[in-house]
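Summary of structural features
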Amino acid sequence: EKGGYDYFMLKEIAEQPKAVADTLLGRIDGAGSLTLDEVRISAAELREMDKVVIVACGTAFHAGLIAKYAIEHWTRIPCEVELASEFRYRDPILDQQTLVIAISQSGETMDTLMALRHAREQGAKVLAICNTNGSTIPRESDAVLYTHAGPEVAVASTKAFLTQLVACYLVALYLGQVRGTKWADEIRDVIRDLSQISGAVERVLETMEPVRELARSLAHKNTVLFLGRHVGYPVALEGALKLKELAYMHAEGFAAGELKHGPIALIEEDLPVVVVVPSPRGRSVLHDKIVSNIQEIRARGARTIVIAEEGDEAVVPYADHVVRIPATPTLLQPLVATVPLQVFACELATARGNEVDQPRNLAKSVTVE
Ligand code: M6R
């Protein structure tokens, strides 16, 4: 059932282009507009929403962090993202004009379920983004948008994450579409870019051998840091989470802009630091900032592992290793930038002799607190 792969995780990483394409399937029509029939909250209700709150745990929370950038950019509705375990124990401000989005692969995560109950009690509408048909979270929500990743067996989430991102982009674009925001032209372009993204994920997968080699060469290390900006910041958090879970290494993700506020003190000779570099096209200010961050950490001895777009030559002088990803619009970059980090963590786990599909102390679905 592992389809010729040694681990479910490897199989699930390889299935990502299909999972992404399947999650888009039937939801974009030939004219480039969105149909999301499973969203059973009416367009009229969605037009009234004045706030979006996303609740989730773990990897699904990272998808939510990325969704915030897309939702606020395409819809101009304020969006908050919160760990379900924090949200459920505070006194959040919610009403009928709040759209709560609960993201969960399994649909059974206790904290996310309790967070959505808490939200509904206060009159908020809840939309679930879920991978498991008929599970508790979608059953208890007002509406659901299913991700079509297929069953995910490995404890470490991979293909579910990419499809959660796709679903979040779809929700953001749909909200933008029904609310008729001034970004209509951009929305059409993004829909076109999204429909080509599974090919880009495929291309990343074809070029992963150097990443595996690099991972093996770092198997003796204790710490790896991850840096990003904008949507690259949650990607850095996700890269660090994968490494903790699988390689049992100390791994931390930081917003690159925070370096000088503390984390730069951690940099020492030969410390591996993975940096997710935004596209040099478009919001080039982000790109230039991160290039100077790479310069700063390299000057202090870090071994820089740079995830950068094909053709981005500005990073080369400061990179010990460059991992190339295809060019994508800034907001969609996490769909391609996360893949090398999954491969990196999986290979490090193998090199360290760890159990890849069933890491110690972890369960696939956390149905207790
Ligand atoms: O089933 P869910 O998406 O609600 O699960 C949430 C987290 O438990 C999950 O993403 C966890 O962090 C993964 N092991 C990450 O790889």
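The following refers to the structure shown. Predicted, not measured: the structure shown is a model, and the values here were computed from it.

Rules used in this analysis
Residues numbered from 1 in each chain as written. Predicted model: local features only at pLDDT ≥ 70, side-chain atom pairs only at ≥ 80, totals over all residues. Heavy atoms only, no water. Helix = DSSP H or I, 4+ residues; strand = E, 2+ residues; numbered from the N terminus. Rg over C-alpha atoms; globule rule 2.2 N^0.38 Å. Buried < 20%, exposed > 50% of the residue type's maximum accessible area, 1.4 Å probe, protein only. Contact = heavy atoms within 4.5 Å. Areas by Shrake-Rupley, 256 points an atom, 1.4 Å probe, with all protein chains shown as cover. Lys, Arg positive; Asp, Glu negative; His and termini not counted. Charge placed at Lys NZ, Arg CZ, Asp CG, Glu CD. Polar contact = N/O pair within 3.5 Å; in protein donor to acceptor, adjacent residues only side chain to side chain. Salt bridge = Lys/Arg side-chain N within 4 Å of Asp/Glu carboxyl O. Core = buried A, V, L, I, M, F, W, Y, C linked by side-chain atoms within 4.5 Å.

1. A look at the overall build of the protein
A count of helical and extended segments in the protein gives 14 helices and 10 strands. The C-alpha radius of gyration of the protein comes to 20 Å, within 12% of the 21 Å expected for a compact globule of 369 residues. Dimensions of the protein along its principal axes, counting C-alpha atoms only, are 55 × 45 × 40 Å. Relative to its 369 residues, the protein shows a buried fraction of 57%. Long-range pairs, those at least 24 residues apart, make up 74% of the contacts in the protein between residues at least 6 apart in sequence. Taken as a whole, the protein presents about 14700 Å² of accessible surface, with 50% of it coming from carbon and sulfur. A gap of 2 Å separates the mean positions of the 38 positive and 49 negative side-chain charges of the protein.

2. A look at the side chain of Glu152
If you trace the backbone, Glu152 turns up in the loop between strand E5 (143-146) and helix H8 (159-179). Accessibility expressed as a relative area gives 8% for Glu152, which makes it buried. In this structure the side chain of Glu152 is engaged in a polar contact, spanning 3.2 Å, whose partner is the side chain of Ser157.

3. Examining the environment of Glu108
Note that Glu108 resides in the loop between strand E3 (98-104) and helix H6 (110-121). Residue classification places Glu108 among the partly exposed positions, given a relative accessible area of 31%. It is 6.2 Å that separates the C-alpha atoms of Glu108 and Ile137, two residues lying 29 residues apart in sequence.

4. A look at the pattern of salt bridges
Following the criterion strictly, the structure yields 25 salt bridges and no others. Across the pair Glu38 and Arg27 runs a salt bridge, and its minimum N-O distance is 2.4 Å. Here Glu38 is found in the loop between helix H2 (16-24) and helix H3 (43-48), whereas its partner Arg27 is found in the loop between H2 and H3, with 11 residues between them in sequence. The exposure class of Glu38 is partly exposed, given its relative accessible area of 21%. Among the ionic pairs, Lys221 bridges to Asp270, the shortest N-O distance being 3.2 Å.

5. Considering the environment of Asn131
For Asn131, the position within the fold is in the loop between strand E4 (125-130) and helix H7 (136-139). C-alpha separation for the pair Asn131 and Val315, spaced 184 residues apart in sequence, amounts to 37 Å. The residues contacting Asn131, other than those within four sequence positions of it, are Ser104, Gln105, Thr147, His148, Ala149 and Gly150. There is a polar contact of 3.0 Å between the side chain of Asn131 and the side chain of Thr147. Within polar-contact distance, the side chain of Asn131 engages the backbone nitrogen of Ala149 at 3.1 Å.

6. A few points about the nonpolar core
Ranked by internal contacts, the top residues of the largest apolar core, which has 96 residues, are Ile101, Phe226, Leu243 and Phe344. Top element by residues in this core is H8. It accounts for 14 residues. In contact with Leu243, other than residues within four places in its own chain, are Val224, Phe226, Tyr248, Met249, Ala251, Phe344, Ala345 and Leu348. Core analysis: the second largest hydrophobic core is formed by 20 residues, Phe254, Ile267, Leu271 and Ala308 among them.

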